[in-house]
Amino acid sequence: MDIKPTESELEILQVIWNKGQCTVRDVHEELAKTKDAGYTTTLKLMQIMHDKGLVERDTTSKTHLYKALFTQEQAQSNALDKILSTVFKGSTSDLVIQALGQHRASKDEIDAIKDYLKQFDQHKK
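The notes below deal with the structure included here. (Residues numbered from 1 in each chain as written. Predicted model: local features only at pLDDT ≥ 70, side-chain atom pairs only at ≥ 80, totals over all residues. Heavy atoms only, no water.)

1. Examining helix H1 (residues 7–19)
So, point 1. An ideal rise of 1.5 Å per residue puts 18 Å on 13 residues; H1 measures up with 19 Å between its terminal C-alpha atoms.
So, point 2. Looking only at H1, the buried set comprises Glu-9, Ile-12, Leu-13, Val-15, Ile-16 and Trp-17.
So, point 3. Considering only its buried residues, H1 is in contact with helix H2 (24–31), helix H3 (39–52), strand S1 (55–58), strand S2 (65–68) and helix H4 (72–86).
So, point 4. Of the residues trailing H1, Gly-20 is marked for its positive phi of about 95°. (Helix = DSSP H or I, 4+ residues; strand = E, 2+ residues; numbered from the N terminus. Expected span 1.5 Å × (residues − 1). Buried < 20%, exposed > 50% of the residue type's maximum accessible area, 1.4 Å probe, protein only. Contact = heavy atoms within 4.5 Å.)

This is the structure we're talking about:
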């Protein structure tokens, strides 16, 4: 599945992933907390997302409910694959080095990365 949501669509998907399923009003109210977005703009974007196959819409009641057609993890994996192949030419180490070099990781995050690498190394043996 090739998932290609725009930045605005990803903001909407974040709300849907957090709530499970929701109405346009639910999404609009959540987005309005952090940005100036009109209700009709949110509605139009969600209709486009439905047409693109990013969300499904339950029309059995008066208020339509929207639900994501893929998980946040699937979107992250798809985006990471795209970045890895295009920006980093397939080099996982370059991606990790760049990520760690550009952003301060907490001690807990570094410890979690080390633990993951140990587990990954053990599975390779």
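Picking up where we left off.
2. A closer look at the packing of aromatic side chains
So, point 1. The full count for this structure, using the stated rule, is two aromatic pairs.
So, point 2. Taking 6.0 Å as the distance between ring centres and 75° as the angle between the ring planes, the aromatic pair formed by Trp-17 and Phe-70 counts as edge-to-face. On the criterion of sequence distance, the pair formed by Trp-17 in helix H1 and Phe-70 in the loop between S2 and H4 is long-range, its members being 53 residues apart. This pair shows no difference in class: Trp-17 is buried, exactly as Phe-70 is. (Phe/Tyr/Trp six-rings, centres within 6.5 Å; stacked < 30°, edge-to-face > 60°.)

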